[in-house]
Each structure stands twice: as structure tokens, then as C-alpha cells.
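# Reading the structure
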Amino acid sequence: MKRDHGDTCNGAYGGGGSGAPKGESLSSSIPASGKAKMVMWGEDGQDPCGGGGGGMDELLAALGYKVRSSDMADVAQKLEQLEMVMGTAQEDGISHLSYDTVHYNPSDLSSWVQSMLSELNPPPQQLAHPVLAPAESSSTVTQHHHSHTGSQSQTQTQSQVIFNDDSESTRPVVLVDMQEAGVRLVHTLMACAEAVQQENLKLADALVKHIGLLAVSQNGAMRKVATYFAEALARRIYRIYPHDGGLDSSCSNDILQMHFYETCPYLKFAHFTANQAILEAFANASRVHVIDFGLKQGMQWPALMQALALRPGGPPAFRLTGIGPPQPDNTDALQRVGWKLAQLADTIGVEFEFRGFVANSLADLEPAMLDIRPPEVETVAVNSVFELHRLLTRSGAIDKVLSSIKAMRPKIVTMVEQEADHNGPVFVDRFTEALHYYSSLFDSLEGSGVTSPSQDLVMSEMYLGRQICNVVACEGPDRVERHETLAQWQARMGSAGFDPVHLGSNAFKQASMLLALFAGGEGYRVEENNGCLMLGWHTRPLIATSAWQLAATQ
Amino acid sequence: MAGSNEVNLSESKMVVPLNMWVLISNFKLKYNLLRRPDGTFNRHLAEFLDRKVPANANPVDGIFSFDVIIDRATNLLCRIYRPAFTEEPQPSLSDLEKPVDAEFVPVIVFFHGGSFAHSSTNSAIYDTLCRRLVGICKAIVVSVNYRRAPENRCPCAYDDGWSALKWVSSRSWLQSKIDSKVHIFLAGDSSGGNIVHSVALRAAEAEIEVSGNILLNPMFSGEERTESEKKLDGKYFVGLRDRDWYWRAFLPEGENRDHPACNPFGPRGKSLEGIKFPKSLVVVAGLDLIQDWQLAYAKGLEKAGQKVKLLFLEQATIGFYLLPNNDHFYTVMDEISSFVNPDG
């Protein structure tokens, strides 16, 4: 009956899980980091349903569902209950489960089933049935969210404690059908990176020039990406490192980012999803305080303020603390933004207070400086969009900042980061990762329906080009674009004493609908991943929004 | 009502491993939420709930994958799975489409299931299945992300399948060294199996050579209610009500289930006699309520003088191939491996 299929399963893949010994098997979030091992029926006498006692069922983990083997029977029973209740509710309709209910973290199957059961009050004649015990949490959506999160946080924290930085990572690639010349171009780029890594600068120099020639024969995204990468390689070879992120400082990064904001949905998605989480955290609060780690032009806040203004029962008092770097021309950029937001607040009837803080690095911040009021008085949200990865430049900086955040006692911390591993130690690997990543980004710009030549498009490309240059040409304190993946950030946040706050199907849906407004929106996709939302181009996730709260034990 | 439901639930629990029961029941209940009585589909919730995985150009267990937009105009995407190269642990971007090195490599063009409405190429269940196919069959797998119902009705999925077939057959890097030809097999489960048939038919008419068809629990039906449908309705995860919904969502408006896309050997079907149709492997699960239609399909091929091998798995339910913890999985994988390799 049991067949020995050691051979046939050698090449077979199990996405989640790891090669950890029995009893300690764990699942990782998808996209997976680390090698997977498939559980073979009969192999090592292992239980066919999973990795033993406290471990996750590896087979289901590979398919995206985290269920402990020891919970399997219980989950099965709950599914049966749910089916029965759904079946008998057919007359009244279960449509509200589809339309109104907010779903969270589908990978946690046990919690999902439990939340569905709680949503559907069993009809009176079923109460006598021994299987249908009354649900422990209330059936309303809002309350359910918080207790739901609590139980899930526990699961998440446990898996994160064991979660390590793995040397193996996922390399998602989406190619647009390439012609022969495109293949040669990529080949030459890779060869050049190799030569640079081996410090064969003569060869690297020759290749970089060749890339320039090949790039000209290409069209669209491929040509632009290749050109930026070639330039970055040249800078690295000739050691012409731009200092402090400005290739051409006459064009401020803030301005470039504004054009990027207009051309494609990434920043809008980031702001939108972060604001969703903040709004939910601010429900019922009468005084709220947002600490924005990178105020820039303050583009995230009008929408939040308007949503607060529309709150049934009236808006809370809204305080915004904006942090930003010193300006080269010594102007008070922060105050200007604060002033504009104050004017908006005035027109929409929101009590508003603003404070700006200039800092070279977030690590220079001391929470005491921010005059944060106690939780009984104000509800705090800390927001960071594409800022935290810069702290990975200096050892200890990120830990200091995470400690500072904890000291601010926020109700919620919202974080948006690039979904990429651009901080590995090996240059060629970093180069390859970046090539894949920015190719997808440029591709999406190409499909954005913005007709070339357009200033918006060119500026957006420059914005990305600067990042490419930084990733490829710079090292040490100059290299600030140290992007890391969601999985890596999740591990870091978990270790630092934060629990996840899950973004749900309502945020997902609205984010998806937002994308449809962009021309060429068809290529953009929102994906749910362990309670976080990611925006990608086709099947390649490019940015990730996650939300956090202080761990229960803090 | 509640009583008979209880009996049904325990029956299905007895024939599959517990974790498989949990997996398929989970899909069943979630899918119930997504189908609306008015024929519309909650696509946003569907995408939220679906567990997806990205492609991975780093080999895992000896297999790597990458996605290709094969048609920019329609955004048609395929995920390609290849065995890792022995010389390089990590294929570089330019090596992803490196020419095949073996004398003979079967290229399996795969259409995922989901009753035409659910799942995608990057759904975890199908990414995992495709990887298993690569490992077991020593094949290259091209998984097609065809457009789904109800937003895109018949023949959109078939058109996408056809585009993918043309693309695959024209890739020189997929040619086997022995004869510089691309050896294509079409494979699919559920709705994917249905797509296999239509694409193969089109290929035969256009004289593109397809070496074989693999239909795993293929989705066919007809207006008539068959014995198996009456007997097994609602007993093993699937009921007639949901089957009917999916056909109404996929078939052109106003059509019924005798439409040839649904019922290829029915009253409106086209004769396959004399057509150079590929050999077929048809896998039927004995606890699948639509088995009578699947058996009729195999019979229909036979009667038209086509080569067909029927694999009937008595105690198998739908979805048995999603997890490797049952006998049926291995039986089928072995059969598929023999089917696509020259001596099979």
C-alpha cells in the first residue's frame, strides 16, 4: 500500500515549511524564504498528516495554509459546523459573509473558520446541538477584529521567533518576452557585474561600454533599465560615487517623488493602505497623533484628514508630527507642508496641530522630543513609507529606532517598504536582484499609459534611476537603499517586540479598485500575505504594507 | 435536512486523509461565498483568499520557475518551470531561456483547474502541482494564466490556451536535441482538462503537432442528468448546483449545457473521426459526480478511432492530486510520466 517514492519526490517542491527536524517544523510566510522539504507518506514513519505534535502540517503549509497537525481534527470539526450553519442559513442568505464581513489572514485557517462561525449566529434550533458550542467572541465585526487579531498575533509571534534570516531567498522574475538582443544585453550586464565583483576593472570597463551600445538597440523599459544599470556600474568602476543620494542635486528627490506619485500607483497604494490601518486604529479615539517618519510633501495626509472629517460623530483632534532631513537651501520645508495641511484642516473642520522635526537620521530622534501625550489623552500612529531601510546602513540604528517607536507607545505602526532583497553581502546577487526588481518597475511604468515623452514619466524614471545608482554604485554609509523583504522585516519586528495587525479584505478590495483607476491598471495586482498587503506588477510583488502594534508582553 | 448533511460530511471524511479533507472543504466553503445567485462573482474576495506564490528563479528541490508575459496586448502570462542546470546553482536572468540540453524533453502546457472561475497560475496549489510534474516527468512545464469566467466567457480561455500553444511551439529553446522539435503535451485538471480538449482540436485543425493530452478529472457536462450526478450530488465536496453555476458563468449567454464546449460528444458535438487528434490519458475519480460525462468523453474518443487510455480511480475524490499523501497521486503521476516519455 505504501509506496517508496523517494526518487519521484526529489524534484518535487513544497513551498512552505523547512528542513527542520520533526516536532519543530514550522511554516514560513509565502513568498517562501528557505528550502522546503516535502513530507513523504511513509517516509521516516512520519505521520501522513504532518510533522508531528506541535508542528505545522507541512503539506498544507506548502499550499499556503498554516494548520498545526494537532489542530487538524478541530479545524475539520469547525469546517463541518460551518458548512452545516451555512447550509441552514441558506434561506436568510449568507451573502453578508461575502459582502460585509471583513476577512483576515486566510492562511490562518483555524482563525478564519472560527471567525466565520462567529459571524453566523447559529439558528435557535441548533443551539442544543452539542457540536455547536457558543462562540467565545462576539459576532460583530469590529470587536471580532481585535480579538481575532490577538489570537493570530500569537501564532505569528511564535513562528517569527524561530524565523531566521536564511541565506537562500526567493527570486521572483517576470519577463516580458525578450528578443535575442535583449537576452544579449542582460547577459552582458551580468558579465559586467561579475567582472566588477572580481575586480577585473579592465574587463568591466570594456563590458560597460558594450552595454551602452547594446542598450541603444533596445526599446522602452529594457533600454532605460540597462542604461541606468550601466551608468551605475560605470560609477562603481571609476569610483565616482554620488554623495548623500544626489546624482544631480539640482533636482530634489522630493520633486522626483511627486512625479513618481502621479505616474504610477505605488505611492498611492502605500498611502492608501497605511491610512486604512491608521483609520481602523483611530476608531473611537477623540485625539489622534500621527508621527510621520518622512513627511516630504505630506501627500499621504489630506486623504486621512478627509476620512477623519467624515467620521460619524465627527472628527477627532488631529496632530501631525512630520520628520524630514535638513534642506540644502536651509528653508523650512516641513513648516510649509504643515501650513498647507493646516489650511486644508480648516476648510474641512478638523482641529489640527502640526510640528516639524529636522533630523539627519531617524536614529537621532528621542521620543521625549516629540511631546507625546499619554494613551488616555491621545492615540498615536507611527508611519514610515520607504524610510526604515535607510537605517540598515549603520549598525544599531534600526534597533534604536524600533526602541524609540516602542517608547512612543503607538496604537499602530504602519510600514511600507520595497519588496526586494537589495541588502545582501554579495555584489553580484544584489545586482541581479535589483535588475529583476527595477525591470519590473520600469515595465509597469511603460504600461502606465503615460505617453512618452512626458515630464512625469522622465522624472519618475530618474527617481528610480537614483535608487538603482545607490544600490549598485555605493557602499558603506553612502548605500542607503538597503531594501529588504517583508519576510525579513516581519522577523525583525517580531524580535523587537511588535505583533502584526492584519489588513483585511476591505482594504484589499479598495486598494484593488484604486488600481483600476490607473491606465494600464491591468498589470497591477494586490496580494494578501500573512495579514500584509503587497502591490506588484503581474505576479511580482514590488512593495509591501504591514501594520504593527506593541506585543502583548511589552 | 441537517440529518442528511451530517451523513454526507462523514462519508467524504472517510475516504481522504484528514488534511486533504480540510483543504478541499476549505475551498468548498470559500467558493460558496464567492458565487452569487445572480451569476456574478466576488472577484476581489476571491483574489484576497487565494494563496499565491511568486515565481522563483532560485532552484528549490532542483526546480526553478519564471513568469513570461507572452502577449503584451492581452497581458497573457505563463509560468515556466524547469529543472535546474547542473553547472549553475543559480541561473542568471539571461540563462532562464537557455536552450534545452537533453535529447528529449517533454514540454507540458498546463491549464490549472478552478471550474473556469477560480485559481491562477500563481495559486500555491497549482504552483506546487506543476513543480511535482517537472520532478516526476523530467519535463518542462508551461502553466497558462488563462482568462476566467464569469468576466470572460467561452471561448476566451480557449483563445488564451491557443495563444500559449503557438508561443510554446515556436520557442527554439524548447526544442529537443534529438529532432529539433518541441514535444508538446497538453495537460489540465477540471476546467483545465476541458481546455485541453478544445486546444488540441484547434491544434489538429491547424496542423500543429501535439504529442498527447492529459485530462485530470476534466470538466464536462450536458443537459441530461446522469446516474453518477444523481447518486453523488453533494456527497463528496461537489454538488450539481455549483456545477450548474460554473457552466452558466462560462458558456456564452443563453447557451445550455449541450453546447459543444461543455458536451463535445453530445447532440451538438463535432465528430472527431479521421482527425489527427493526439493520444489521450483521461483520469476519472470514482467519487466525482461528473464521472459519467468523463467516461462518455473517453468513450467518444474511442468510438472516433482515437487513442485513449482511461484511468479510473475508484475511491478517489476531486482534488486528490493536490497532495501527495494518497495512493492515487502516485498512480497518476507514474502514468503521466510514462505517457510523456518516449518509451511510455
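Under an unreviewed UniProt entry, the name given to chain B is Gibberellin receptor GID1C-like, and the source organism is Rhodamnia argentea. Looking at chain B in UniProt, the text filed under Subcellular location (unreviewed entry) is "Nucleus".

The name recorded for chain A in an unreviewed UniProt entry is DELLA protein, from Rhodamnia argentea. Under the heading Sequence similarities (unreviewed entry), UniProt records this for chain A: "Belongs to the GRAS family. DELLA subfamily." Chain A has a UniProt comment under Function (unreviewed entry) that states "Transcriptional regulator that acts as a repressor of the gibberellin (GA) signaling pathway. Probably acts by participating in large multiprotein complexes that repress transcription of GA-inducible genes."

## Topic: the nonpolar core
Core analysis: the biggest nonpolar cluster contains 235 residues, and Phe229(A), Leu233(A), Tyr266(A), Phe318(A), Phe431(A), Leu186(B) and Phe250(B) have the highest contact counts within it. Residue contributions to this core peak at 11 residues, all from helix H8 (residues 220-238) of chain A. In this structure, Phe250(B) is in contact with Phe116(B), Ala149(B), Arg153(B), Cys154(B), Ala157(B), Tyr158(B) and Ala261(B), ignoring residues within four places of it in sequence. Core analysis: the second largest hydrophobic core is formed by 28 residues, Leu362(A), Val380(A), Val413(A) and Phe498(A) among them.

## Some words on the packing of helix H14 (residues 427-446) of chain A against helix H15 (residues 455-473) of chain A
Residue and element names in this part refer to chain A. Close contact between H14 and H15 brings their axes to 10 Å; oriented N to C, the two are set at 175 degrees. Here H14 is positioned roughly antiparallel relative to H15, judged by the angle of their axes. Across the interface between the two elements, Phe 427, Arg 430, Phe 431, Ala 434, Tyr 438, Leu 441, Phe 442 and Leu 445 from H14 touch Leu 457, Ser 460, Glu 461, Leu 464, Gln 467, Ile 468, Val 471 and Val 472 from H15. For the contact of H14 with H15, the residue count by class is 12 nonpolar, two polar and two charged.

## Quick notes on the packing of aromatic side chains
With the rule as written, the count across this model stands at 28 aromatic pairs over all chains. Here Tyr437(A) and Tyr438(A) contribute two aromatic rings whose centre-to-centre distance is 5.1 Å and whose plane-to-plane angle is 85 degrees, an arrangement assigned as edge-to-face. Relative to Phe85(B), the ring of Phe64(B) lies with its centre 5.4 Å away and its plane at 65 degrees, an arrangement referred to as edge-to-face. Highlighted residues: Phe64(B) in strand E1 (residues 63-71) and Phe85(B) in the loop between strand E2 (76-83) and strand E3 (106-111), separated in sequence by 21 residues.

## Details of the pattern of salt bridges
Per the stated rule, a full pass over the model turns up 42 salt bridges over all chains. Between Glu47(B) and Lys52(B) there is a salt bridge whose closest N-O contact spans 3.0 Å. The same class applies to Glu47(B) and to Lys52(B), which are both buried. Where Arg243(B) meets Asp242(B), a salt bridge forms, and the shortest distance between an N and an O atom there is 3.1 Å. Summarising the burial analysis for this pair, Arg243(B) and Asp242(B) share the class buried. Here the residues in one salt-bridge network are Arg319(A), Glu353(A), Arg355(A), Asp371(A), Arg373(A) and Glu378(A), joined through shared partners.

## Overview of the packing of H8(A) against H15(A)
Residues and elements named next belong to chain A. Contact pair H8 / H15: the axes reach a minimum separation of 9 Å and the direction vectors enclose 40 degrees. Considering the relative orientation of H8 and H15, their crossing is right-handed. Touching Lys 224, Tyr 228, Phe 229, Ala 232, Leu 233, Arg 235 and Arg 236 of H8 are Leu 457, Glu 461, Met 462, Gly 465, Ile 468, Cys 469, Val 472 and Ala 473, all from H15. Here the contact of H8 with H15 is built from residues that sort into 10 nonpolar, one polar and four charged.

What counts as what
Residues numbered from 1 in each chain as written. Chains lettered and ligands numbered in written order. Predicted model: local features only at pLDDT ≥ 70, side-chain atom pairs only at ≥ 80, totals over all residues. Heavy atoms only, no water. UniProt positions renumbered as here; feature names shortened; annotations may be inferred. Core = buried A, V, L, I, M, F, W, Y, C linked by side-chain atoms within 4.5 Å. Buried < 20%, exposed > 50% of the residue type's maximum accessible area, 1.4 Å probe, protein only. Helix = DSSP H or I, 4+ residues; strand = E, 2+ residues; numbered from the N terminus. Contact = heavy atoms within 4.5 Å. Axes fitted to C-alpha atoms, helices over the stretch in contact; angles between N-to-C directions. Parallel < 35°, antiparallel > 145°, perpendicular 65-115°, else oblique. Nonpolar A, V, L, I, M, F, W, Y, C, P; charged D, E, K, R; others polar. Phe/Tyr/Trp six-rings, centres within 6.5 Å; stacked < 30°, edge-to-face > 60°. Salt bridge = Lys/Arg side-chain N within 4 Å of Asp/Glu carboxyl O. Left-handed = near helix turned anticlockwise from the far one by under 90°.

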